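If you want the building blocks of each chain, they are given just below.
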Amino acid sequence: MTTNSNNFAIFAGSASRDLAEQIAQGLGCSLGDMEVEHFADGEFSVYYKDSIRGKDVFLVQSTYPSSDNLMELLLMIDAARRASAHYITAVIPYFGWARQDRKDKPRVSIGAKLIADLLSAAGITRMITMDLHADQIQGFFNVPVDHLYASTVFVDYLKSEVDMDNAVMATPDVGGTKRANSYAKFLGIPMVICHKHRAKANEVAEMRIIGDVEGKDVLLVDDIVDTAGTITKAADLMIANGARSVRAIASHAVLSDPAVERIEASALKEIIFTDSIPLRKPCSKVHILSVSGVFAEAIKRVINHESISSLYSV
């Protein structure tokens, strides 16, 4: 079934324009015309140049730091609601603040729930996102959430680049065991785990391997790489324990300093990301796979009221 571009419109926030343009191309349409006006004091406003009255509006914006990206998305949603859009879908390839999904110590906020409330209050009727840090974040919303997975693009790439007869799936921490186990089952390969202990946020104090990697081609999987301390330490540990090679896949390239320097200096042969976040600093070991096709197909199925479950490969 084809889509009728007269019934929907796609707009891009400043943080995700390149990805949004590719999504629009996949749907055979152009991005809607929107202007973000900045003021001297740091405030900004959003203005839709095209009429969106009665249309299904899709707003593409990842909410990685700074918080301006989130604020811009909230203004886009509010402006669309006030312009009488029929449905407003927030397409958030990377959902920021997702690591604050619970009270892990006294007197802290649950940031992911707060962001969900802000998006709902602004006026979204649906959210499409990819590889949330914790699946239960979907329950923070009272609107439908379509949770896509980057495995759709990762699996094909890994099959073309890695000898699966000698591969082993690994996770850099116990929290990623479910994700790694899903890949291992789908690819039909064994799995090992890294157990880590943090001294404080973004700093790994100790790490040990549970399982055998001797002579194996290790595939590390994670959802987010921030400062790259965990994943590079895990890669170095794999090589020290006899692994033949180590590759990593991760959905979201946050890559805060000194992530790029750590990746370059590590034992990683390659690290594969999606384009959910634009790569802000070049790195010779980084390979980017686009998820624009996955989002375009999901949006098309939402427009046509079709199931998206067949998009999930892992």
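Residues numbered from 1 in each chain as written. Predicted model: local features only at pLDDT ≥ 70, side-chain atom pairs only at ≥ 80, totals over all residues. Heavy atoms only, no water.

S.K.: Which residues make up the nonpolar core, and what values go with them?
M.R.: Membership of the largest hydrophobic core comes to 46 residues, with the highest contact counts inside it found for Ile10, Ile23, Leu148 and Met169. Discounting chain neighbours no more than four positions away, the residues touching Leu148 are Ile128, Thr129, Met130, Asp131, Val294, Phe295, Ala298, Ile308, Leu311 and Tyr312. The next biggest cluster of nonpolar side chains, apart from the first, holds 35 residues, and it includes Ala79, Ala85, Phe95 and Ile115. (Core = buried A, V, L, I, M, F, W, Y, C linked by side-chain atoms within 4.5 Å. Buried < 20%, exposed > 50% of the residue type's maximum accessible area, 1.4 Å probe, protein only. Contact = heavy atoms within 4.5 Å.)

S.K.: Can you lay out the sheet that holds strand β5 (residues 87-92) for me, pointing to particular residues and giving the numbers?
M.R.: Taken together, five strands build an open sheet; the order of strands is β1-β4-β5-β6-β7 and the sheet is parallel. Every other strand in the sheet has two partners, leaving β1 (8-12) and β7 (145-148) as the edge strands with one partner each. Neighbour to neighbour, the strand axes of the sheet diverge by 15 degrees on average, direction disregarded. Summarising the sheet, strand β6 (residues 126-130) and β7 pair through four bridges and their orientation is parallel. Residue pairing in the sheet places Met127 in a bridge with Val145 of β7. The sheet contacts of helix α1 (residues 17-26) involve β1 and β4 (56-60), and relative to β1 the element is tilted by about 155 degrees. In the packing of helix α2 (residues 68-82) onto the sheet, contacts are made with β1, β4 and β5, and the angle to β5 comes to roughly 165 degrees. (Pairing = 2+ DSSP bridges. Helix = DSSP H or I, 4+ residues; strand = E, 2+ residues; numbered from the N terminus. Axes fitted to C-alpha atoms, helices over the stretch in contact; angles between N-to-C directions.)

S.K.: How would you summarise helix α5 (residues 177-187) if you had to cite specific residues and measurements?
M.R.: Among the residues making up α5, those that are buried are Ala180, Tyr183, Ala184 and Leu187. Take α5 and look down its axis: the buried residues cluster within an arc of 100 degrees, on one side only. Along α5, exposed side chains directed more than 90 degrees from the buried face belong to Lys178 and Lys185. Count one or two residues on from α5 and you reach Gly188, which has phi positive near 70 degrees. (Arc of directions from axis to C-beta.)

S.K.: Run through the packing of aromatic side chains, naming residues and quoting values.
M.R.: On inspection of all chains with the given rule, the structure shows three aromatic pairs. Residues Phe8 and Phe58 carry aromatic rings whose centres are separated by 6.5 Å and whose planes lie at 85 degrees to one another, so their mutual orientation is edge-to-face. Of this pair, Phe8 sits in strand β1 while Phe58 is found in strand β4, placing the two residues 50 residues apart along the sequence. Look at Phe8 and you get buried, because its relative accessible area is 3%. Classification of Phe58 as buried rests on a relative accessible area of 2%. (Phe/Tyr/Trp six-rings, centres within 6.5 Å; stacked < 30°, edge-to-face > 60°.)

S.K.: With reference to specific residues and values, describe the environment of Val218.
M.R.: Structurally, Val218 is set in strand β11 (residues 217-225). Spatially, the C-alpha atoms of Val218 and Cys29 are 41 Å apart, while their sequence positions differ by 189 residues. Excluding its chain neighbours within four sequence positions, the residues that come into contact with Val218 are Val168, Ala170, Val213, Met238, Ala243, Ser245, Val246 and Arg247.

S.K.: For the environment of Ser14, give the residues involved together with the corresponding values.
M.R.: Counting through the fold element by element, Ser14 comes out in the loop between β1 and α1. For the pair Ser14 and Leu73, spaced 59 residues apart in the sequence, the C-alpha separation amounts to 9.2 Å. The contact partners of Ser14, leaving out residues within four places of it in the chain, are Val36, Gln61 and Glu72.

S.K.: Explain the layout of surface pockets to me, using residue names and the numbers behind them.
M.R.: Approximately 240 Å³ is the volume found for the second largest pocket. Along the wall of the second largest pocket there are 15 residues; nearest its centre are Tyr87, Arg126, Val302, Ile303 and His305. When contributions to the lining of the second largest pocket are tallied by element, the ones reaching two or more residues are β4, β5 and α8 (292-303). Counting residues per element, the lining of the second largest pocket draws most heavily on α8, which supplies three residues. Tallied by class, residues from the lining of the second largest pocket come to six nonpolar, four polar and five charged. (1 Å grid on protein atoms, 1.4 Å probe; cavity = no way out; pocket = protein on both sides within 12 Å on 5 of 7 lines; lining within 4 Å. Points joined across faces, edges and corners; volume = space filled by probe spheres on them. Nonpolar A, V, L, I, M, F, W, Y, C, P; charged D, E, K, R; others polar.)

S.K.: Can you lay out the pairing of β11 for me, pointing to particular residues and giving the numbers?
M.R.: With respect to burial, β11 is a largely interior element, nine of its nine residues being buried. Two elements, strand β8 (residues 167-171) and β11, share four bridges in a ladder whose sense is parallel. Looking at the pairing, Met169 lines up with Leu219 of β11. As paired elements, β11 and strand β12 (residues 245-253) share eight bridges and run parallel to each other. Looking at β12, one finds that Val218 is bridged to Val246. Viewed along the sheet, the connection from β11 through helix α6 (residues 229-240) into β12 turns out right-handed. (Right-handed = clockwise from strand over helix to strand, strands pointing away.)

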